[in-house]
Amino acid sequence: MARSLCPGARLRKPCCLQARFSYVRMKYLFFSWLVVFVGSWIIYVQYSTYTELCRGKDCKKIICDKYKTGVIDGPACNSLCVTETLYFGKCLSTKPSNQMYLGIWDNLPGVVKCQMEQKLHLDFGTELEPRKEIVLFDKPTRGTTVQKFKEMVYSLFKAKLGDQGNLSELVNLILTVADGDKDGQVSLGEAKSAWALLQLNEFLLMVILQDKEHTPKLMGFCGDLYVTESVEYTSLYGLSLPWVIELFIPSGFRRSMDQLFTPSWPRKAKIAIGLLEFVEDVFHGPYGNFLMCDTSARTLGYNSRYDLKMLDMRKIVPETNLKELIKDRHCESDLDCVYGTDCRTSCDQSTMRCTSEVIQPNLAKACQLLKDYLLRGAPSEIREELEKQLYSCIALKVTAHQMEMEHSLILNNLKTLLWKKISYTNDS
(Lines give C-alpha, C1' and ligand atoms only; values in the text may rest on other atoms or scores of the structure.)
Protein backbone atom coordinates (compact mmCIF):
# COMPACT_ATOMS: atom_id res chain seq x y z
CA MET A 1 0.00 0.00 0.00
CA ALA A 2 2.85 2.27 0.79
CA ARG A 3 4.18 1.46 -2.64
CA SER A 4 0.92 2.61 -4.30
CA LEU A 5 1.12 6.04 -2.67
CA CYS A 6 4.54 6.84 -4.02
CA PRO A 7 3.61 7.20 -7.69
CA GLY A 8 1.02 9.84 -6.78
CA ALA A 9 3.61 11.78 -4.81
CA ARG A 10 6.05 11.56 -7.67
CA LEU A 11 3.46 12.85 -10.11
CA ARG A 12 2.51 15.86 -8.03
CA LYS A 13 6.09 17.11 -7.72
CA PRO A 14 6.74 17.48 -11.47
CA CYS A 15 3.35 19.14 -11.87
CA CYS A 16 4.25 21.74 -9.23
CA LEU A 17 7.62 22.36 -10.86
CA GLN A 18 5.99 22.72 -14.26
CA ALA A 19 3.43 25.21 -12.91
CA ARG A 20 6.17 27.19 -11.19
CA PHE A 21 8.30 27.22 -14.35
CA SER A 22 5.33 28.47 -16.38
CA TYR A 23 4.74 31.27 -13.87
CA VAL A 24 8.39 32.38 -13.97
CA ARG A 25 8.39 32.24 -17.76
CA MET A 26 5.21 34.33 -17.99
CA LYS A 27 6.63 36.84 -15.52
CA TYR A 28 9.85 37.06 -17.53
CA LEU A 29 7.95 37.51 -20.80
CA PHE A 30 5.73 40.17 -19.26
CA PHE A 31 8.66 42.25 -18.03
CA SER A 32 10.52 41.72 -21.31
CA TRP A 33 7.57 43.04 -23.30
CA LEU A 34 7.16 45.88 -20.82
CA VAL A 35 10.80 46.92 -21.28
CA VAL A 36 10.46 46.68 -25.06
CA PHE A 37 7.24 48.71 -25.01
CA VAL A 38 8.60 51.45 -22.74
CA GLY A 39 11.89 51.58 -24.63
CA SER A 40 10.09 51.82 -27.97
CA TRP A 41 7.84 54.55 -26.65
CA ILE A 42 10.82 56.57 -25.36
CA ILE A 43 12.67 56.18 -28.67
CA TYR A 44 9.52 57.16 -30.61
CA VAL A 45 8.99 60.27 -28.47
CA GLN A 46 12.63 61.25 -28.77
CA TYR A 47 12.64 60.58 -32.51
CA SER A 48 9.55 62.79 -32.87
CA THR A 49 11.37 65.47 -30.89
CA TYR A 50 14.43 64.96 -33.08
CA THR A 51 12.43 65.46 -36.27
CA GLU A 52 10.99 68.67 -34.81
CA LEU A 53 14.46 69.89 -33.82
CA CYS A 54 16.15 68.99 -37.08
CA ARG A 55 14.35 70.76 -39.92
CA GLY A 56 17.20 71.27 -42.31
CA LYS A 57 15.08 70.50 -45.40
CA ASP A 58 12.55 73.16 -44.40
CA CYS A 59 15.32 75.66 -43.78
CA LYS A 60 16.94 74.97 -47.15
CA LYS A 61 13.60 75.23 -48.97
CA ILE A 62 12.77 78.61 -47.42
CA ILE A 63 16.21 80.04 -48.19
CA CYS A 64 16.43 78.66 -51.72
CA ASP A 65 12.91 79.81 -52.63
CA LYS A 66 13.89 83.34 -51.60
CA TYR A 67 17.17 83.12 -53.51
CA LYS A 68 15.63 81.77 -56.72
CA THR A 69 13.07 84.57 -56.75
CA GLY A 70 15.85 87.15 -56.35
CA VAL A 71 14.90 88.33 -52.86
CA ILE A 72 18.20 87.44 -51.17
CA ASP A 73 21.79 86.77 -52.22
CA GLY A 74 25.11 85.82 -50.67
CA PRO A 75 28.31 83.83 -51.24
CA ALA A 76 26.73 80.56 -50.04
CA CYS A 77 23.53 80.79 -52.12
CA ASN A 78 24.74 79.22 -55.35
CA SER A 79 26.46 76.34 -53.55
CA LEU A 80 23.39 75.67 -51.42
CA CYS A 81 20.64 76.02 -54.02
CA VAL A 82 22.16 75.41 -57.47
CA THR A 83 25.35 73.31 -57.47
CA GLU A 84 24.44 71.72 -54.10
CA THR A 85 28.06 71.63 -52.99
CA LEU A 86 26.96 72.92 -49.59
CA TYR A 87 24.97 70.31 -47.73
CA PHE A 88 23.85 69.51 -44.21
CA GLY A 89 25.32 66.64 -42.18
CA LYS A 90 24.87 65.75 -38.52
CA CYS A 91 22.17 67.74 -36.73
CA LEU A 92 23.35 69.73 -33.70
CA SER A 93 20.12 71.69 -33.07
CA THR A 94 18.91 72.16 -29.50
CA LYS A 95 15.84 74.26 -30.41
CA PRO A 96 13.54 74.15 -33.46
CA SER A 97 14.01 77.89 -33.95
CA ASN A 98 17.80 77.61 -34.19
CA GLN A 99 18.91 75.02 -36.71
CA MET A 100 22.55 73.89 -36.49
CA TYR A 101 24.32 71.24 -38.55
CA LEU A 102 27.75 69.96 -39.31
CA GLY A 103 28.14 70.58 -43.02
CA ILE A 104 30.46 70.32 -45.99
CA TRP A 105 31.03 73.22 -48.37
CA ASP A 106 33.21 72.46 -51.41
CA ASN A 107 34.92 69.66 -49.45
CA LEU A 108 35.60 71.97 -46.49
CA PRO A 109 33.97 71.11 -43.12
CA GLY A 110 31.84 73.80 -41.52
CA VAL A 111 28.88 74.47 -39.25
CA VAL A 112 25.62 75.58 -40.91
CA LYS A 113 23.25 77.74 -38.86
CA CYS A 114 19.75 78.70 -39.92
CA GLN A 115 16.90 80.47 -38.11
CA MET A 116 13.37 79.07 -38.11
CA GLU A 117 9.91 79.85 -36.73
CA GLN A 118 7.98 83.07 -36.30
CA LYS A 119 8.31 85.06 -33.09
CA LEU A 120 6.23 88.17 -32.98
CA HIS A 121 7.54 89.51 -29.68
CA LEU A 122 10.44 89.18 -27.31
CA ASP A 123 10.18 86.39 -24.77
CA PHE A 124 12.76 86.65 -22.00
CA GLY A 125 12.28 82.97 -21.21
CA THR A 126 13.51 81.92 -24.63
CA GLU A 127 15.10 84.27 -27.13
CA LEU A 128 16.39 87.80 -27.11
CA GLU A 129 16.18 88.00 -30.88
CA PRO A 130 12.68 88.01 -32.44
CA ARG A 131 12.06 86.00 -35.60
CA LYS A 132 9.46 87.47 -37.96
CA GLU A 133 9.14 84.97 -40.77
CA ILE A 134 6.41 86.84 -42.62
CA VAL A 135 8.42 90.01 -43.12
CA LEU A 136 11.93 88.66 -42.61
CA PHE A 137 13.53 89.99 -45.80
CA ASP A 138 11.45 93.16 -46.15
CA LYS A 139 14.35 95.59 -45.64
CA PRO A 140 15.91 97.44 -47.30
CA THR A 141 13.28 98.10 -49.93
CA ARG A 142 13.92 98.50 -53.65
CA GLY A 143 15.27 101.95 -54.44
CA THR A 144 17.18 102.28 -51.16
CA THR A 145 20.57 103.91 -51.75
CA VAL A 146 23.81 102.65 -50.20
CA GLN A 147 23.94 105.80 -48.08
CA LYS A 148 20.43 105.15 -46.76
CA PHE A 149 21.34 101.52 -46.00
CA LYS A 150 24.39 102.73 -44.07
CA GLU A 151 22.14 105.02 -42.03
CA MET A 152 19.81 102.09 -41.28
CA VAL A 153 22.72 99.96 -40.09
CA TYR A 154 24.14 102.83 -38.02
CA SER A 155 20.79 103.34 -36.25
CA LEU A 156 20.55 99.61 -35.53
CA PHE A 157 24.04 99.57 -34.03
CA LYS A 158 23.32 102.63 -31.93
CA ALA A 159 20.26 100.88 -30.45
CA LYS A 160 22.14 97.63 -29.83
CA LEU A 161 25.59 98.86 -28.81
CA GLY A 162 24.96 102.34 -27.47
CA ASP A 163 26.36 105.62 -28.71
CA GLN A 164 29.90 104.43 -29.51
CA GLY A 165 32.19 106.93 -31.21
CA ASN A 166 33.45 104.44 -33.82
CA LEU A 167 30.19 102.98 -35.10
CA SER A 168 30.89 104.36 -38.59
CA GLU A 169 33.91 102.05 -38.82
CA LEU A 170 31.71 99.09 -37.94
CA VAL A 171 29.16 100.11 -40.58
CA ASN A 172 31.90 100.11 -43.24
CA LEU A 173 33.07 96.71 -42.02
CA ILE A 174 29.52 95.35 -42.42
CA LEU A 175 29.33 96.66 -45.98
CA THR A 176 32.57 94.81 -46.77
CA VAL A 177 31.12 91.58 -45.35
CA ALA A 178 27.78 92.13 -47.16
CA ASP A 179 29.57 92.35 -50.51
CA GLY A 180 29.66 88.58 -50.82
CA ASP A 181 30.81 88.42 -54.45
CA LYS A 182 33.48 91.10 -53.81
CA ASP A 183 32.49 93.17 -56.85
CA GLY A 184 32.75 96.42 -54.90
CA GLN A 185 28.97 96.89 -54.75
CA VAL A 186 26.25 95.69 -52.38
CA SER A 187 23.24 94.40 -54.31
CA LEU A 188 19.70 94.58 -52.94
CA GLY A 189 19.71 90.82 -52.27
CA GLU A 190 23.02 91.08 -50.39
CA ALA A 191 21.73 94.03 -48.38
CA LYS A 192 18.55 92.13 -47.42
CA SER A 193 20.66 89.16 -46.29
CA ALA A 194 23.01 91.39 -44.29
CA TRP A 195 20.11 93.22 -42.62
CA ALA A 196 18.49 89.92 -41.57
CA LEU A 197 21.80 88.61 -40.22
CA LEU A 198 22.48 91.77 -38.25
CA GLN A 199 19.38 91.09 -36.15
CA LEU A 200 21.32 88.09 -34.76
CA ASN A 201 23.76 88.93 -31.98
CA GLU A 202 26.01 85.97 -32.81
CA PHE A 203 26.57 87.16 -36.38
CA LEU A 204 27.26 90.70 -35.24
CA LEU A 205 29.76 89.46 -32.65
CA MET A 206 31.50 87.27 -35.25
CA VAL A 207 31.99 90.30 -37.49
CA ILE A 208 33.27 92.43 -34.60
CA LEU A 209 35.67 89.70 -33.42
CA GLN A 210 36.56 88.31 -36.85
CA ASP A 211 40.30 88.74 -36.23
CA LYS A 212 40.24 87.15 -32.77
CA GLU A 213 41.60 83.64 -32.27
CA HIS A 214 38.71 82.17 -30.30
CA THR A 215 35.85 83.30 -32.54
CA PRO A 216 34.86 80.92 -35.37
CA LYS A 217 35.56 82.35 -38.80
CA LEU A 218 32.61 83.24 -41.02
CA MET A 219 32.78 81.23 -44.25
CA GLY A 220 29.72 82.67 -45.97
CA PHE A 221 25.96 83.30 -45.85
CA CYS A 222 22.73 83.18 -47.81
CA GLY A 223 19.80 85.10 -46.40
CA ASP A 224 20.03 84.58 -42.63
CA LEU A 225 21.65 81.16 -43.08
CA TYR A 226 25.38 81.36 -42.39
CA VAL A 227 28.33 78.97 -42.34
CA THR A 228 31.20 79.08 -39.85
CA GLU A 229 34.41 77.10 -39.56
CA SER A 230 34.16 73.62 -38.06
CA VAL A 231 35.64 72.69 -34.68
CA GLU A 232 36.92 69.18 -33.98
CA TYR A 233 35.74 68.89 -30.36
CA THR A 234 32.22 70.17 -29.77
CA SER A 235 32.23 70.12 -25.99
CA LEU A 236 34.52 71.53 -23.33
CA TYR A 237 34.98 67.97 -22.07
CA GLY A 238 35.61 66.49 -25.49
CA LEU A 239 32.94 63.77 -25.10
CA SER A 240 30.08 63.85 -27.60
CA LEU A 241 27.58 60.97 -27.65
CA PRO A 242 24.69 60.17 -30.04
CA TRP A 243 21.37 61.56 -28.83
CA VAL A 244 19.84 58.06 -28.45
CA ILE A 245 22.58 57.05 -25.97
CA GLU A 246 22.24 60.37 -24.10
CA LEU A 247 18.63 59.40 -23.30
CA PHE A 248 19.62 56.56 -21.03
CA ILE A 249 22.53 58.19 -19.17
CA PRO A 250 21.65 59.78 -15.79
CA SER A 251 22.91 63.35 -15.43
CA GLY A 252 25.11 62.50 -12.43
CA PHE A 253 26.78 59.63 -14.27
CA ARG A 254 27.23 61.86 -17.33
CA ARG A 255 29.11 64.42 -15.21
CA SER A 256 31.42 61.66 -13.99
CA MET A 257 31.96 60.51 -17.57
CA ASP A 258 32.76 64.07 -18.62
CA GLN A 259 35.50 64.30 -16.01
CA LEU A 260 36.98 60.95 -17.08
CA PHE A 261 37.19 61.95 -20.74
CA THR A 262 38.78 65.36 -20.32
CA PRO A 263 42.15 66.07 -21.97
CA SER A 264 45.35 66.02 -19.90
CA TRP A 265 45.67 68.84 -17.36
CA PRO A 266 48.16 70.97 -19.36
CA ARG A 267 45.76 70.82 -22.32
CA LYS A 268 42.82 71.75 -20.10
CA ALA A 269 44.88 74.70 -18.84
CA LYS A 270 45.48 75.86 -22.42
CA ILE A 271 41.75 75.61 -23.19
CA ALA A 272 40.98 77.56 -19.99
CA ILE A 273 43.44 80.30 -20.98
CA GLY A 274 41.54 80.55 -24.28
CA LEU A 275 38.28 81.15 -22.41
CA LEU A 276 39.92 83.84 -20.27
CA GLU A 277 41.24 85.52 -23.42
CA PHE A 278 37.75 85.42 -24.97
CA VAL A 279 36.38 87.09 -21.82
CA GLU A 280 38.94 89.84 -22.42
CA ASP A 281 37.80 90.15 -26.04
CA VAL A 282 34.17 90.85 -25.11
CA PHE A 283 34.87 92.92 -21.97
CA HIS A 284 34.86 96.58 -23.03
CA GLY A 285 35.90 95.75 -26.57
CA PRO A 286 36.11 98.25 -29.44
CA TYR A 287 32.32 98.46 -29.72
CA GLY A 288 31.24 98.18 -26.10
CA ASN A 289 30.76 95.42 -23.55
CA PHE A 290 29.06 92.09 -24.36
CA LEU A 291 27.50 89.90 -21.66
CA MET A 292 27.88 86.10 -21.67
CA CYS A 293 24.43 84.85 -20.68
CA ASP A 294 25.09 81.12 -21.12
CA THR A 295 28.49 79.93 -19.94
CA SER A 296 27.94 76.20 -20.18
CA ALA A 297 30.27 73.47 -21.45
CA ARG A 298 28.11 72.89 -24.55
CA THR A 299 28.78 76.41 -25.85
CA LEU A 300 32.55 75.83 -25.92
CA GLY A 301 34.79 73.61 -28.04
CA TYR A 302 38.40 73.34 -29.10
CA ASN A 303 40.51 72.31 -32.07
CA SER A 304 43.27 69.71 -32.45
CA ARG A 305 45.81 72.18 -31.00
CA TYR A 306 43.59 72.67 -27.91
CA ASP A 307 42.79 76.26 -28.79
CA LEU A 308 39.38 77.24 -27.45
CA LYS A 309 36.68 78.02 -30.02
CA MET A 310 33.24 79.40 -29.20
CA LEU A 311 30.56 77.09 -30.59
CA ASP A 312 27.43 79.03 -29.73
CA MET A 313 27.43 82.79 -29.16
CA ARG A 314 23.69 83.39 -29.49
CA LYS A 315 23.40 84.22 -25.79
CA ILE A 316 26.29 86.69 -25.80
CA VAL A 317 24.48 90.00 -26.02
CA PRO A 318 25.42 93.70 -26.03
CA GLU A 319 25.18 95.14 -22.53
CA THR A 320 23.37 98.25 -23.75
CA ASN A 321 20.81 96.13 -25.59
CA LEU A 322 20.15 93.86 -22.59
CA LYS A 323 19.84 96.73 -20.12
CA GLU A 324 17.33 98.50 -22.32
CA LEU A 325 15.19 95.38 -22.63
CA ILE A 326 15.26 94.21 -19.02
CA LYS A 327 14.92 97.47 -17.13
CA ASP A 328 11.45 98.19 -15.76
CA ARG A 329 10.36 94.60 -16.49
CA HIS A 330 7.69 93.56 -13.96
CA CYS A 331 8.97 91.10 -11.35
CA GLU A 332 7.97 89.38 -8.13
CA SER A 333 11.49 88.21 -7.22
CA ASP A 334 15.02 88.13 -8.59
CA LEU A 335 14.11 84.92 -10.44
CA ASP A 336 12.01 87.01 -12.84
CA CYS A 337 15.04 89.09 -13.80
CA VAL A 338 17.10 86.48 -15.65
CA TYR A 339 18.07 86.14 -19.29
CA GLY A 340 19.55 82.90 -20.57
CA THR A 341 20.94 81.04 -17.59
CA ASP A 342 23.57 83.45 -16.34
CA CYS A 343 22.58 87.11 -16.84
CA ARG A 344 20.82 88.14 -13.65
CA THR A 345 19.69 91.48 -12.33
CA SER A 346 17.76 92.16 -9.13
CA CYS A 347 14.10 92.89 -8.53
CA ASP A 348 13.41 96.26 -6.90
CA GLN A 349 10.72 95.33 -4.36
CA SER A 350 9.62 98.93 -3.92
CA THR A 351 8.63 99.27 -7.59
CA MET A 352 8.35 95.54 -8.50
CA ARG A 353 10.56 96.22 -11.51
CA CYS A 354 13.84 94.68 -12.63
CA THR A 355 16.92 96.83 -12.30
CA SER A 356 19.24 97.12 -15.30
CA GLU A 357 22.57 96.26 -13.63
CA VAL A 358 23.72 92.67 -14.19
CA ILE A 359 25.04 91.18 -10.94
CA GLN A 360 27.92 88.95 -12.10
CA PRO A 361 30.59 89.89 -14.65
CA ASN A 362 31.58 87.48 -17.41
CA LEU A 363 34.82 86.55 -15.67
CA ALA A 364 33.06 85.27 -12.53
CA LYS A 365 30.80 83.05 -14.65
CA ALA A 366 33.76 81.71 -16.63
CA CYS A 367 35.63 80.87 -13.42
CA GLN A 368 32.58 79.06 -12.06
CA LEU A 369 32.59 76.87 -15.16
CA LEU A 370 36.35 76.28 -14.96
CA LYS A 371 36.57 75.52 -11.23
CA ASP A 372 35.97 71.75 -11.31
CA TYR A 373 37.46 71.49 -14.79
CA LEU A 374 40.84 72.89 -13.71
CA LEU A 375 41.06 71.65 -10.12
CA ARG A 376 40.64 68.00 -11.09
CA GLY A 377 44.13 66.71 -11.81
CA ALA A 378 45.82 70.06 -11.09
CA PRO A 379 49.53 69.77 -10.14
CA SER A 380 49.91 69.71 -6.34
CA GLU A 381 52.40 72.61 -6.32
CA ILE A 382 49.86 75.09 -7.73
CA ARG A 383 46.54 73.56 -6.65
CA GLU A 384 46.14 75.66 -3.49
CA GLU A 385 46.99 78.92 -5.26
CA LEU A 386 44.80 78.02 -8.25
CA GLU A 387 41.83 77.24 -6.00
CA LYS A 388 42.30 80.51 -4.12
CA GLN A 389 42.38 82.53 -7.34
CA LEU A 390 39.35 80.76 -8.81
CA TYR A 391 37.23 81.42 -5.72
CA SER A 392 38.30 85.09 -5.69
CA CYS A 393 37.27 85.25 -9.33
CA ILE A 394 33.85 83.64 -8.68
CA ALA A 395 33.20 86.20 -5.91
CA LEU A 396 33.54 89.15 -8.33
CA LYS A 397 30.48 91.43 -8.46
CA VAL A 398 29.69 94.12 -11.02
CA THR A 399 28.75 96.57 -8.24
CA ALA A 400 32.02 96.07 -6.33
CA HIS A 401 34.25 99.10 -5.78
CA GLN A 402 36.99 99.27 -8.44
CA MET A 403 35.54 96.19 -10.14
CA GLU A 404 37.33 96.82 -13.42
CA MET A 405 40.71 96.97 -11.70
CA GLU A 406 39.95 93.77 -9.76
CA HIS A 407 38.68 92.13 -12.93
CA SER A 408 41.93 92.85 -14.81
CA LEU A 409 44.12 91.84 -11.86
CA ILE A 410 42.39 88.49 -11.26
CA LEU A 411 42.24 87.65 -14.96
CA ASN A 412 45.94 88.40 -15.49
CA ASN A 413 46.94 86.49 -12.35
CA LEU A 414 45.03 83.40 -13.48
CA LYS A 415 46.51 83.49 -16.97
CA THR A 416 50.02 83.98 -15.61
CA LEU A 417 49.67 81.07 -13.16
CA LEU A 418 48.44 78.70 -15.86
CA TRP A 419 50.92 79.79 -18.53
CA LYS A 420 53.83 79.56 -16.09
CA LYS A 421 52.96 75.93 -15.39
CA ILE A 422 52.47 74.78 -18.99
CA SER A 423 54.80 77.06 -20.97
CA TYR A 424 57.58 74.46 -21.09
CA THR A 425 55.40 71.43 -21.84
CA ASN A 426 54.66 69.88 -25.23
CA ASP A 427 50.94 70.53 -24.66
CA SER A 428 51.40 74.32 -24.71
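In the block above lies the structure referred to throughout.
Residues numbered from 1 in each chain as written. Predicted model: local features only at pLDDT ≥ 70, side-chain atom pairs only at ≥ 80, totals over all residues. Heavy atoms only, no water.

Asks: How would you summarise the overall build of the chain if you had to cite specific residues and measurements?
Replies: On a plain count of helices and strands, the chain comes out with 14 helices and 13 strands. A buried classification covers 45% of the 428 residues belonging to the chain. When contacts within the chain are restricted to residue pairs at least 6 apart in sequence, those whose partners lie at least 24 apart make up 64%. For the chain, the accessible surface area stands at approximately 22800 Å², while carbon and sulfur atoms represent 56% of it. (Helix = DSSP H or I, 4+ residues; strand = E, 2+ residues; numbered from the N terminus. Buried < 20%, exposed > 50% of the residue type's maximum accessible area, 1.4 Å probe, protein only. Contact = heavy atoms within 4.5 Å. Areas by Shrake-Rupley, 256 points an atom, 1.4 Å probe, with all protein chains shown as cover.)

Asks: Hey, could you go over the pairing of strand E4 (residues 218-222) for me, with residue numbers and the actual values?
Replies: The pairing of E4 with strand E5 (residues 225-229) spans four bridges and is antiparallel. The partner of Leu218 across the bridge, within E5, is Thr228. Linking E4 back to E5 in an antiparallel pair, the connection comprises two residues, with Gly223 at a positive phi of about 65°. (Pairing = 2+ DSSP bridges.)

Asks: How would you explain the sheet that holds strand E1 (residues 86-91) if you had to name every residue and give the values?
Replies: Strands sit in the order E1-E2-E3-E5-E4 across an open sheet of five strands; the sheet is antiparallel. With one partner strand each, in any of the chains shown, E1 and E4 form the two edges of the open sheet. Sheet twist, expressed as the average angle between the axes of neighbouring strands with direction ignored, equals 30°. (Axes fitted to C-alpha atoms, helices over the stretch in contact; angles between N-to-C directions.)

Asks: Residue-level account of the pattern of salt bridges, with values.
Replies: Pairing between side chains becomes possible if they bear opposite charge and their charged atoms approach one another. In this structure the tally under the stated criterion is 15 salt bridges. Salt-bridge contacts for Asp58 lead to Arg55; the nearest nitrogen and oxygen are separated by 3.6 Å. A relative accessible area of 38% means that Asp58 is categorised as partly exposed. Within the structure, one salt-bridge network assembled from shared partners comprises Lys270, Arg305 and Asp307. (Salt bridge = Lys/Arg side-chain N within 4 Å of Asp/Glu carboxyl O.)

Asks: For helix H14 (residues 403-422), give the residues involved together with the corresponding values.
Replies: Residues three or four positions apart in an α-helix share a direction because the helix packs 3.6 residues into each turn. For H14, with 20 residues, the first-to-last C-alpha span of 29 Å sits near the 28 Å given by 1.5 Å per residue. For H14, the complete set of buried residues consists of Met403, His407, Ile410, Leu411, Leu414, Lys415, Leu417, Leu418 and Ile422. Projected down its long axis, H14 carries its buried residues within an arc of 160°, all on one side. Away from its buried face, by an angle of more than 90 degrees, H14 presents the exposed residues Met405, Leu409, Thr416 and Lys420. Buried positions along H14 lie against helix H10 (265-282), helix H12 (362-375) and helix H13 (380-394). (Expected span 1.5 Å × (residues − 1). Arc of directions from axis to C-beta.)

Asks: Summarise the environment of Met403; cite the residues concerned and give the values.
Replies: With respect to the secondary-structure elements, Met403 resides in helix H14. Along the primary structure Met403 and Pro361 are separated by 42 residues, whereas in three dimensions their C-alpha atoms are 9.2 Å apart. Met403 has contacts with Phe283, Pro361, Lys397 and Val398, leaving out every residue within four places of it along the chain.

Asks: Give a detailed account of the packing of aromatic side chains, specifying residues and quantitative values.
Replies: Applying the stated criterion to the full structure yields five aromatic pairs. Ring geometry for Phe88 versus Tyr101: centroids 4.9 Å apart, planes at 20°, classification stacked. Of this pair, Phe88 sits in strand E1 while Tyr101 sits in strand E2 (residues 98-105), and the two are 13 residues apart along the sequence. For Tyr101, a relative accessible area of 5% corresponds to the buried category. (Phe/Tyr/Trp six-rings, centres within 6.5 Å; stacked < 30°, edge-to-face > 60°.)

Asks: An account of helix H11 (residues 319-326) is requested, with residue identities and associated values reported.
Replies: Buried within H11 we find Glu319, Asn321, Leu322 and Ile326. Down the axis of H11, the buried side of the element spans an arc of 160°, and every buried residue falls inside it. Phi turns positive one or two residues past the end of H11, at Asp328, with a value near 65°.

Asks: Explain empty space enclosed by the protein to me, and be specific about the residues and the numbers.
Replies: One pass over the structure, following the stated rule, counts four cavities of 30 Å³ or more. Lining the largest cavity are Leu205, Ile208, Leu209, Asp281, Val282, Gly285, Pro286, Tyr287, Gly288 and Phe290. Residue assignment for the lining of the largest cavity shows that the elements contributing at least two residues are helix H7 (201-208) and H10. When its residues are assigned to classes, the lining of the largest cavity shows seven nonpolar, two polar and one charged. (1 Å grid on protein atoms, 1.4 Å probe; cavity = no way out; pocket = protein on both sides within 12 Å on 5 of 7 lines; lining within 4 Å. Points joined across faces, edges and corners; volume = space filled by probe spheres on them. Nonpolar A, V, L, I, M, F, W, Y, C, P; charged D, E, K, R; others polar.)

Asks: I'd like a description of the side chain of Thr228, backed by residues and values.
Replies: Summarising the element assignment, Thr228 is placed in strand E5. Of the residues examined, Thr228 reaches a relative accessible area of 3% and is grouped as buried. With near-sequence residues (within four places) excluded, Thr228 lies in contact with Gly110, Val111, Met206, Pro216, Lys217 and Met219.

Note that all results are geometric; they support no functional claim without further evidence.
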